[in-house]
Amino acid sequence: MKVLKFGGTSVGSVESILSLKKIVENREFRNGESVIVVVSALGGITDKLIATSKLAVKGDDSYLQEFDAMVKRHHDMIDTIITNAKAHDELKEKIDNLLDELKSIYYGVYLIRDLSPKTMAAIVSYGERLSSHIVATLIDGAVWFDSREFIKTEFKHQKHILDSELTNRLVREAFAELPEISLVPGFISTDKYSGEITNLGRGGSDYTASIIAAALDATQLEIWTDVDGFMTADPRVIHSAYTINELSYVEAMELCNFGAKVIYPPTIYPVCIKNIPILVKNTFNPDNPGSVIKGKIDNDSKPIKGISSINGTTLITVTGLSMVGVIGVNRRIFTALADNGISVFMVSQASSENSTSIGVRDEDANDAVRVLNHEFAKEIETGAMYPMHAESGLATIAIVGENMKHTPGIAGKLFGTLGRSGISVIACAQGASETNISFVVEANLLRKSLNVLHDSFFLSEYKVLNLFICGVGTVGGNLIAQINSQYKELMETQRLKLNVVGIASSHNAIFNREGLDLCNYRDELAKSAPSDIRSLCDEVLGMNIFNSVFVDCTASGEVASLYQTFLENNISVVAANKVAASGNFESYAKLKETALRKGVKFLFETNVGAGLPIIGTINDLRNSGDKILKIEAVLSGTLNFIFNEIAADVPFSETVKRAKQQGYSEPDPRIDLSGKDVVRKLVILTREAGYRIEQEDVQKNLFIPNSMFEGSQDDFWQKLPSLDTEFETQRQRMEKENKRWRFVAKMDHGKADVSLQEVSQNHPFYGLEGSNNIVLLTTERYREYPMLIQGYGAGAGVTAAGVFANIMSIANI
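Calculation rules
- For every chain, the first residue of the written sequence is number 1, and numbering continues from 1 along that sequence.
- Reporting of local features is limited, given that this is a predicted model, to residues whose pLDDT is at least 70; pairs of side-chain atoms are given and counted only at 80 or more, and all residues count toward the totals for whole chains, interfaces and linings.
- Side-chain measures here rest on the full set of heavy atoms in the structure, leaving out hydrogens and waters.
- For salt bridges, the criterion is a side-chain nitrogen of Lys or Arg within 4 Å of an Asp or Glu carboxyl oxygen.
- Helix and strand assignments come from DSSP, with helices taken as H or I runs of at least 4 residues and strands as E runs of at least 2, each series counted from the N terminus.
- Each residue's exposure class comes from its accessible area (1.4 Å probe, protein chains only) as a fraction of the maximum for that residue type: buried when under 20%, exposed when over 50%, partly exposed otherwise.
- Two aromatic rings, drawn from Phe, Tyr or Trp (for Trp, its six-membered ring), form a pair once their centres lie within 6.5 Å of each other, and the interplanar angle then sorts them: stacked below 30 degrees, edge-to-face above 60, tilted otherwise.
- In this scheme, Lys NZ or Arg CZ marks a charge over a ring once it lies within 6 Å of the ring centre and within 35 degrees of the ring normal.
- Here, a strand pair is defined by DSSP locating no fewer than two bridges between the strands.
- Axis definition: a line fitted to C-alpha atoms, over the contacting stretch in the case of helices. Angles run 0 to 180 degrees between N-to-C directions.
- Residue contacts are counted whenever heavy atoms from the two residues lie within 4.5 Å of one another.
- Every patch collects residues that have over 30% relative accessible area and no salt bridge, joining them within 9 Å if they carry like charges and within 5 Å if they are nonpolar side chains (Val, Leu, Ile, Met, Phe, Trp, Tyr).
- Computed with a 1.4 Å probe, the accessible areas rest on the Shrake-Rupley method; for each residue, only the protein chains presented here act as cover.
- Residue-level confidence of the predictor is what pLDDT reports, using numbers from 0 through 100.

Peer 1: Explain the pattern of salt bridges to me, and be specific about the residues and the numbers.
Peer 2: As enumerated under the stated definition, the model contains 39 salt bridges in all. In this structure, Glu196 engages Lys118 in a salt bridge whose closest nitrogen and oxygen atoms are separated by 3.3 Å. With Glu196 in the loop between strand S7 (188-191) and strand S8 (197-199) and Lys118 in helix H6 (residues 117-138), this pair connects stretches of sequence that are 78 residues apart. For Glu758, the salt bridge identified is with Arg733, shortest N-O distance 2.5 Å. In this pair, Glu758 is assigned in strand S28 (residues 751-760) and Arg733 in helix H29 (residues 724-736), connecting sequence segments 25 residues apart. Its relative accessible area of 34% is what places Glu758 among the partly exposed residues. Classification of Arg733 as partly exposed rests on a relative accessible area of 28%. Salt bridges here are not isolated pairs; linked through shared partners, they connect Glu154, Lys156, Asp163 and Lys192.

Quick look at the structure:
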């Protein structure tokens, strides 16, 4: 035989209670075994019984309205699910008799304004007594048993506790002749001496089922609830959480103690000692296999089974020099708290013994501080100990798994993962059994902590990278399109989920921590409220999301000014924007240092050469011990296009116009002709090569007069043809000498300059076509034959691809 327990949600609605009937009556589902069904009160009724009692004891007439609502709920349930007229009338008479008894008790409480524990126990027993009669009538062939006759308690240590020996004997006697289907109300019991109604406390129906299963040596205990079983984490917080197929009694106990409200912890004990497996299943999804809890798990390789948490934690620290080496201090702490009914769920003590931190629930914090201050009043008065320090606004997290003790480095990985995400651990505790590592963090970091740990320990099906993309122009738009087209491929081949949680344009922004629809984001942006730089920063920080990357596809100095804040908050930064890396050296160096210190990334490969691997190569050379001696490069696709286009029939001024028309130049071509962009790129390369430099340190040898940069753009276009004759004269000479113009950026041992140079046929720069870039790196290793990097150095598609590659490098860490 086996025992099935159905909780309040399983009998809380017409849908669920009819599902219960189908499950229990299905012989194939039961494998032909006899079953004992234990039920809780209808969902929410126990709380309603208590609330109504409190109204009655205060003399509040509204208790009658609450009572009438309970009557109606039970009547409505009977009228809906019991279709046989005779059975309906007989059940309704039985239920009404019980409700009349309950009403009389409430009236007595109302009259004498007294609510003793004995009376309260009698009142709350009606929840299960009512529901069990309804379910017994609903299920064909079910026989109702009164649990008050065989679940016996005795009063010890100020509470009613189970008399196991007597209860086991009475259970065996009661079920000596076992019907095919037995129906038992859970939770309720009676005192073994007086016969007064008592109960088994919170989770009592689970406990009832476990007691019966153990007493009768059941083949299995089934707990039917509203979830598919034990989850790796709270699915309301971590959407990638999934059902744990098998876990041990110890793992289940640890998870239950730390907030996994699937079953009540004492439930496990009676069946654990009998080695009876527990199956947790979903009443609303009965075909799901659920979770099995048993003594030994076969082929179990995962070190971590699940992550659980308790919100509303207060950490109380007992500290003082008099604690060191003194025997009995901890005994006094826990005895004082226990005597006042205060539960401690976590203890952390340093080996120096000068402080002990204890975790209690927020609602117990003030009482705990008061009790401990009173207990150590003399020591506090003499200065031997300090007044209790309470820190609230915290949450406790536990990672659980019996295989942790066989896997070195779990704690190191745990704290390293949290640290890289900017999460400080306030206190931690681990027992010698190594099945549970518990730690305390700030409550506002709970969601982030759970997500990053779930992802890090491979409990998640996919690794998740959360992206904030700023800028939806040519580069940003191409990047979003590339991410969207590659999304499924990365999920399938890399098990990587790129979750775009924020997109911002120059005036609007949209956010969704679950991920934005990349197909219609422009429409969503157009409909969104206006956004500015401050609100953008606040929103990114406020989401407090794990594994996050801010991607800057703008050219904005304002956006670049946010990098430091993001890095300080453990948000990696990928920038196509050159402002930060080419600006003030101190700011650049601080960004690099912050990223290193915080364990995040500040990447800007596309600042130079679009998608070419220039900066990454320089870093690889330096990290492997090489030294960059000289850099020679053509870094302006615009200028390279101009000087490749110039010909006998295409004057200089015409090539500049073509560069603008074909999208190679800035809207104002003077920005390109001034060499400013090349100077910024050279500064970035020089810094990455290990030299300190500012833009002002670069010698600029311009090829057009300063007067061309004065006045309006219209003035510029009018004056530009005046340069054509001189350029044509020089072009003809160079053509005879087999030379070409290249605007070259050069760094030699830290000294930098940019200039228009004539290169001969045998020079690597001579054959550079279109808008391509080329870089020559002379290093201590590559001195005789410099390293050459060449390819497309401009264009939204390749730049976006370079940004994408930076994002992927973060994902692959």
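Peer 1: I'd like a rundown of the packing of aromatic side chains, residues and numbers included.
Peer 2: Taken as a whole and assessed by the stated rule, the structure comprises 21 aromatic pairs. On the numbers, 6.3 Å between centres and 25° between planes, the contact of Phe643 with Phe652 is stacked. Aromatic ring contacts, followed pair by pair, group Phe643, Phe652, Phe703, Phe727, Trp741 and Phe743 into a single cluster. Its guanidinium or amino end placed over the ring of Tyr126, Arg129 lies 4.3 Å from that ring's centre, counting from NZ or CZ. It is Arg687 that lies over the ring of Tyr588; its NZ or CZ is 5.1 Å from the centre.

Peer 1: Before we move on, could you go through the pairing of strand S9 (residues 220-225) and cite the residues and values that matter?
Peer 2: Among the 6 residues that make up S9, 6 are buried, leaving the element largely enclosed by the rest of the structure. Burial of the side chains of S9 extends over both faces: Gln220, Glu222 and Trp224 are buried on one face and Leu221, Ile223 and Thr225 on the other. Note: strand S1 (residues 2-6) against S9, 5 bridges, orientation parallel. Paired with Lys2 across the strands is Gln220, a residue of S9. Note: S9 against strand S11 (residues 278-282), 5 bridges, orientation parallel. Within the sheet, the bridge partner assigned to Leu221 lies in S11 and is Ile278.

Peer 1: Explain the sheet that holds strand S16 (residues 389-400) to me, and be specific about the residues and the numbers.
Peer 2: Reading across from one edge, S14-S15-S13-S16-S18-S17 is the order of the 6 strands in this open sheet, with antiparallel pairing throughout. Two strands in the sheet have a free side with no partner beyond their single neighbour: strand S14 (346-349) and strand S17 (427-430). Strand-to-strand twist across the sheet, computed as the mean angle between neighbouring axes with direction ignored, equals 30°. Examined bridge by bridge, S14 and strand S15 (residues 355-361) share 4 bridges and lie antiparallel to one another. Directly across from Gln349, in S15, lies its bridge partner Thr356. Of the strands in this sheet, strand S13 (306-319), S16 and strand S18 (436-442) are in contact with helix H9 (residues 249-257), which crosses S13 at around 60°.

Peer 1: Residues and numbers for a nonpolar patch on the surface, please.
Peer 2: Together, Tyr107, Leu111 and Ile112 make up an exposed nonpolar region whose accessible area comes to about 340 Å². Note on placement: Ile112 falls in helix H5 (residues 85-112). The class of Ile112 is exposed, set by a relative accessible area of 62%.

Peer 1: Tell me what's going on with the sheet that holds strand S23 (residues 572-575), and back it up with residues and numbers.
Peer 2: Taken together, 6 strands build an open sheet; the order of strands is S21-S20-S19-S22-S23-S24 and the sheet is mixed. Whereas interior strands pair on both sides, the edge strands pair on one side only; in this sheet they are strand S21 (509-511) and strand S24 (602-603). Two elements, strand S19 (residues 463-470) and strand S20 (residues 496-504), share 8 bridges in a ladder whose sense is parallel. Opposite Ile469, over in S20, you have Ile503 as the bridge partner. Docked against the sheet, helix H18 (residues 533-543) engages S19, S20 and S21, running at close to 10° with respect to S21.

Peer 1: Kindly report on the confidence of the model for the protein, identifying the contributing residues and their values.
Peer 2: Mean pLDDT over the protein: 92, with 98% of residues reaching 70 or higher. Taken element by element, the predicted model of the protein shows its lowest mean pLDDT in helix H2 (residues 27-30) (73) and its highest in S24 (98).

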